[in-house]
Amino acid sequence: MWRLHRAAVTCEVCQSLVKHSSGIKGSLPLQKLHLVSRSIYHSHHPTLKLQRSQFRTSSHQFSSLTNLPLRKLKLSPIKYGYQPRRNFWPARLAARLLKLRYLILGSAVGGGYTAKKTFDQWKDMIPDLSDYKWIVPDIVWEIDEYIDLEKIRKALPNSEDLAKLAPDFDKIVESLSLLKDFFTTGHKLVSEVIGASDLLLLLGSPGETAFRATDHGSESDKHYRKVTDKEKIDQLQEELLHTQLKYQRILERLEKENKELRKLVLQKDDKGIHHRKLKKSLIDMYSEVLDVLSDYDASYNTQDHLPRVVVVGDQSAGKTSVLEMIAQARIFPRGSGEMMTRSPVKVTLSEGPHHVALFKDSSREFDLTKEEDLAALRHEIELRMRKNVKEGCTVSPETISLNVKGPGLQRMVLVDLPGVINTVTSGMAPDTKETIFSISKAYMQNPNAIILCIQDGSVDAERSIVTDLVSQMDPHGRRTIFVLTKVDLAEKNVASPSRIQQIIEGKLFPMKALGYFAVVTGKGNSSESIEAIREYEEEFFQNSKLLKTSMLKAHQVTTRNLSLAVSDCFWKMVRESVEQQADSFKATRFNLETEWKNNYPRLRELDRNELFEKAKNEILDEVISLSQVTPKHWEEILQQSLWERVSTHVIENIYLPAAQTMNSGTFNTTVDIKLKQWTDKQLPNKAVEVAWETLQEEFSRFMTEPKGKEHDDIFDKLKEAVKEESIKRHKWNDFAEDSLRVIQHNALEDRSISDKQQWDAAIYFMEEALQARLKDTENAIENMIGPDWKKRWLYWKNRTQEQFVHNETKNELEKMLKCNEEHPAYLASDEITTVRKNLESRGVEVDPSLIKDTWHQVYRRHFLKTALNHCNLCRRGFYYYQRHFVDSELECNDVVLFWRIQRMLAITANTLRQQLTNTEVRRLEKNVKEVLEDFAEDSEKKVKLLTGKRVQLAEDLKKVREIQEKLDAFIEALHQEK
């Protein structure tokens, strides 16, 4: 608009000058004007046609700014000298003034037109800075709200005022005598005109042919050297190359200045100097979409079709170096010939005030301008790669996400993949080659992925593997960009330079590509800086024969041009595909929401993380309720559980051996000795085990007990895993046994029963213990001898031969017990022989060991029945106990033993209950919290424990909603940027 406005003002000024030129009327024909007046003409003259005279020139002129052939125009012949005219000086004066008018106005208009053409040409050379509009403060774009431009326009002078500024023609008349000499020096003026025409030809736009004069009819051409066509072409190519390099240097200087300017502006925005709020950059928003998509669909081949730049190449082809040149920092681990890239690395490049890098899951920033931060970043990337690689593998498909920000970086998302190998070497997993191929195919089969195919130019093209893989994924080359690295070594080593041209043009490979580039990524020294590599690359291509011989174009070389081309291609594909992907996710969201409403109408849409938080709260509530168990309940279950654990030892190892003695003194002595041994070695440990098992049982009961209608079985597997892991980590206090041993020893030494109630309680406890043992003994005898006559008749069961032998042996032993009810616990050898002979007389063959086993159960039943009868007699023995059984035939020392055991159980249960409620329950609660925290950080564990269609549906629904929201926000920001 401002150009059109200036043109209109220029025309208006010209018209006003014509109107206010007093004393000049009419116009002279153009043919009678002088050469200078006719060469600089007014652009609006309707009948003006430029003619040029034929004139001799020493050499032809060529322009590097156009590829079109220059037209040869002829100038009309000029007659120099004065013509005989009438001596009518007013007419001659008017004619001279009229010529002067054309001279002035033509020079102004022609000069303006030429300047406009030159300005348009230089404007086209300047890069498009529309992407940097946001640097300009908002006040500039809103200046019309604060300044009345219309008022300023009205205040400017009009055409009449401008006409007053025209030169004084009276003074010009005084200089007419000078013009006489000017018109007479014809040859000198024509030479100057031709020199000016050559200058304008160099500054003009392509296709402009002003002031080019050649004379083909003059005989003087024989005195000049004839220029051949080949020399013309060489000269034109040389000029074109220098012009391209000149423009490249101008562009680099402008980019450098713009980079510094953007850095300053962004730093001011960070410090709050600019109050304008900066929105999140487009590339960061797009990278977040890709991160969410990678979590939603790790295979990249069903829903995720959004563009990204996939960097693939043979091992050691230089793909990592190319990526570092684009990122302008040495950010990747390096090794000579060794595989360093062991997992995909997604690098998001964006602009920022400082050159920094940070990982997706970390807040630490690495300053890429400091060598120690660069070394730490490379070390961190290497550690993450090794962590991703599972045991027995060489590479991993898990992606590492890295953001790199800095002034002047091209905005795009690149994925660096492990290098394709041909042979599996020692130290690698056998399936390394196939794994790398599958990872590369998974990324490249995305129809919108831009494939950056890296080829090593220093090796034979026939050794390349990646080109075949790329041609399979993109056979038409619609999204492939081919990059030839190490071109300096290729130009030095390759005998035929045309072979490099064939590689660049893709004639040696079956693959096709969207574009072909050649780059140099250093001299092979890993300590080289990015700036040094860039200078070396530019210096190489300036002196390279590949450019001088036009095998390569200027726009096909350097990593700077490569990054610009890749960024343009990336954003073009993003704009073409992002809205289509947003629509597909809207349809997917609708389908998932409909499925949820039909299957789970009364449930909230909780994803796996939300379900875990809900289960975590329930588990913590149940652990808290464990501390609210009453002391009475703890002591009852502890006492009962402890007696079940030690009852067999008490009956078999303490009571029965002591009861075989003949008097009360020996009974008490045996009991004290065995109780002391038991307390020192086994009892405290058994008590702690019982307490720990009791705590586990109560904890399990709270964890697995159904909660009625509120119970959600989706948490059962998680609760079971938390319970098992918490119990596994819990360890009872090591000092509990020592303190418990002293308490139990003191309790068992006490024999003083204070009242009749305690005496009766001891008898009741003894009867229960003996009856339970008698029942177990009778069951054992029944299993030994088989069914009795009632079961044989009612249930049609028969005894086996072994059971028959046991039954006959039992009957023989019972006869012997009836004869001697005071028989000791063990059979004598002669008694065994007697029983055996008696059975053999009835035709029953028995072994002595079978007789002993049968005797053990028979005597045990006999003893327990006798002890129960004695226990019943001791109900009235408390009076004799108080007299220490003096002058009494009734001795109830066994009742005193069971009272001591019962009191020990009560005191032990009370002590264990205090330890549980005061220490162990809290420690268990702490363990449960730790386990839950560990499970919360382990995503694989949560996926394993929280499963089912409901969970997966909620997960998909949440991810799709998140993706759609981020896509919508990205599309809105993309439209605003346009």
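Reading guide: rules and limits
Residues numbered from 1 in each chain as written. Predicted model: local features only at pLDDT ≥ 70, side-chain atom pairs only at ≥ 80, totals over all residues. Heavy atoms only, no water. Buried < 20%, exposed > 50% of the residue type's maximum accessible area, 1.4 Å probe, protein only. Helix = DSSP H or I, 4+ residues; strand = E, 2+ residues; numbered from the N terminus. Pairing = 2+ DSSP bridges. Contact = heavy atoms within 4.5 Å. Phe/Tyr/Trp six-rings, centres within 6.5 Å; stacked < 30°, edge-to-face > 60°. Patch = residues over 30% accessible without salt bridge, like charges linked within 9 Å, V, L, I, M, F, W, Y side chains within 5 Å. Areas by Shrake-Rupley, 256 points an atom, 1.4 Å probe, with all protein chains shown as cover. Salt bridge = Lys/Arg side-chain N within 4 Å of Asp/Glu carboxyl O. Lys, Arg positive; Asp, Glu negative; His and termini not counted. Charge placed at Lys NZ, Arg CZ, Asp CG, Glu CD. Core = buried A, V, L, I, M, F, W, Y, C linked by side-chain atoms within 4.5 Å. Axes fitted to C-alpha atoms, helices over the stretch in contact; angles between N-to-C directions. Parallel < 35°, antiparallel > 145°, perpendicular 65-115°, else oblique. Left-handed = near helix turned anticlockwise from the far one by under 90°. Nonpolar A, V, L, I, M, F, W, Y, C, P; charged D, E, K, R; others polar. pLDDT = per-residue confidence, 0-100. Disulfide = S-S within 2.5 Å.

A word on the pairing of strand β2 (residues 345-350). Counted residue by residue, β2 has 6 buried out of 6 residues, so it is predominantly covered. Neither face of β2 is open: one carries Val345, Val347 and Leu349, the other Lys346, Thr348 and Ser350, and all of them are buried. As paired strands, β2 and strand β5 (residues 400-405) are joined by 6 bridges and run parallel to one another. When the bridges of β5 are listed, Lys346 appears paired with Ser401.

Let us now look at the side chain of Glu698. Position of Glu698 relative to the elements: it lies in helix α25 (residues 683-704). On the basis of relative accessibility, which here comes to 8%, the residue Glu698 falls in the buried class. Ignoring anything within four residues of it in the chain, the contact list for Glu698 reads Leu626, His633, Trp634 and Ile637.

Tallied over the entire structure, the rule returns 18 aromatic pairs. Consider the rings of Tyr286 and Phe970, whose centres lie 5.3 Å apart with planes at 45°: the pair is tilted. Remark: Phe970 occurs in helix α36 (residues 949-977) and Tyr286 occurs in helix α12 (residues 282-296); sequence separation between them is 684 residues. For the pair shown, Tyr286 and Phe970 are each scored as buried. For the pair Tyr655 and Phe898, a centre-to-centre distance of 5.3 Å together with 70° between the ring planes defines the contact as edge-to-face. On the criterion of sequence distance, the pair formed by Tyr655 in helix α23 (residues 631-659) and Phe898 in helix α34 (residues 893-937) is long-range, its members being 243 residues apart.

All right, on to a negative patch on the surface then. Judged by side-chain charge, Glu398, Glu930, Glu933, Glu937, Asp938 and Glu940 come together as a negatively charged surface patch. When residues in the negative patch are grouped by element, the largest group, 3 residues, is from α34. Structurally, Glu940 is set in helix α35 (residues 939-945). With a relative accessible area of 59%, Glu940 lands in the exposed category.

Time to look at the nonpolar core. Tyr655 and Ile901 are the most contacted members of the largest nonpolar core, which has 101 residues in total. Looking at which element gives the most residues to this core, the answer is α34, with 17 residues. The contacts of Tyr655, once residues within four sequence positions are left out, are Val650, Phe667, Met766, Leu770, Phe863, Ala867, Asp894, Leu897 and Phe898. If you look at the next biggest cluster of nonpolar residues, it comprises 67 residues, including Val345, Val404, Ile450 and Ala973.

Attention now goes to the packing of α23 against α25. The angle between the axes and the distance between the axes are what describe a pair of packed helices. At a minimum axis distance of 9 Å, the contact between α23 and α25 shows a crossing angle of 125°. For the element pair α23 / α25, the angle class is oblique. Both α23 and α25 take part in a crossing whose hand is right-handed. Note on element contacts: α25 touches α23 through Leu683, Lys686, Ala687, Glu689, Val690, Ala691, Glu693, Thr694, Leu695, Glu698 and Arg701, opposite His633, Trp634, Ile637, Leu638, Ser641, Leu642, Arg645 and Val646.

Applying the stated criterion across every chain yields a total of 37 salt bridges. Across the pair Lys958 and Asp607 runs a salt bridge whose closest N-O atoms are separated by 2.6 Å. Of the two residues, Lys958 is situated in helix α36 and Asp607 in the loop between α21 (559-599) and α22 (608-626); the sequence distance between them amounts to 351 residues. When the shortest N-O distance is used, the salt bridge between Arg875 and Glu767 registers 2.3 Å. Placement of the pair is Arg875 in the loop between α32 (848-873) and α33 (878-882) and Glu767 in helix α28 (residues 756-785), with a sequence separation of 108 residues. Glu767 gets classed as buried once you look at its relative accessible area, which sits at 12%.

Turning our attention to the packing of α23 against α34. Where α23 contacts α34, the axes come no closer than 8 Å and their chain directions differ by 140°. Our classification of the angle between α23 and α34 gives oblique. Every pair of crossing elements has a handedness; the one defined by α23 and α34 is right-handed. Residue composition of the contact of α23 with α34, grouped by class: 18 nonpolar, 5 polar and 3 charged.

As for its placement among the helices and strands, Glu955 is situated in helix α36. Filtering out sequence-adjacent residues up to four positions away, Glu955 remains in contact with Asp607, Arg608 and Asn609.

A few words on the confidence of the model for the chain. Summary statistics for the chain give a mean pLDDT of 75 and a share of 69% for residues scoring 70 or more. Below pLDDT 50 for its whole length, residues 271-278 participates in 13 contacts with residues either more than four positions away or in separate chains.

Right, let's talk about the state of the cysteines for a bit. Under the defined criterion, the tally for this structure stands at 1 disulfide. Residue pairing for Cys874: its cysteine sulfur links by disulfide to Cys892, the two sulfurs lying 2.0 Å apart. Classification of the bridge connecting Cys874 and Cys892 rests on its S-S torsion, roughly -100°, and on that basis the disulfide is left-handed. On the criterion of sequence distance, the pair formed by Cys874 in the loop between α32 and α33 and Cys892 in the loop between α33 and α34 is long-range, its members being 18 residues apart. Cys874 gets classed as buried once you look at its relative accessible area, which sits at 0%.

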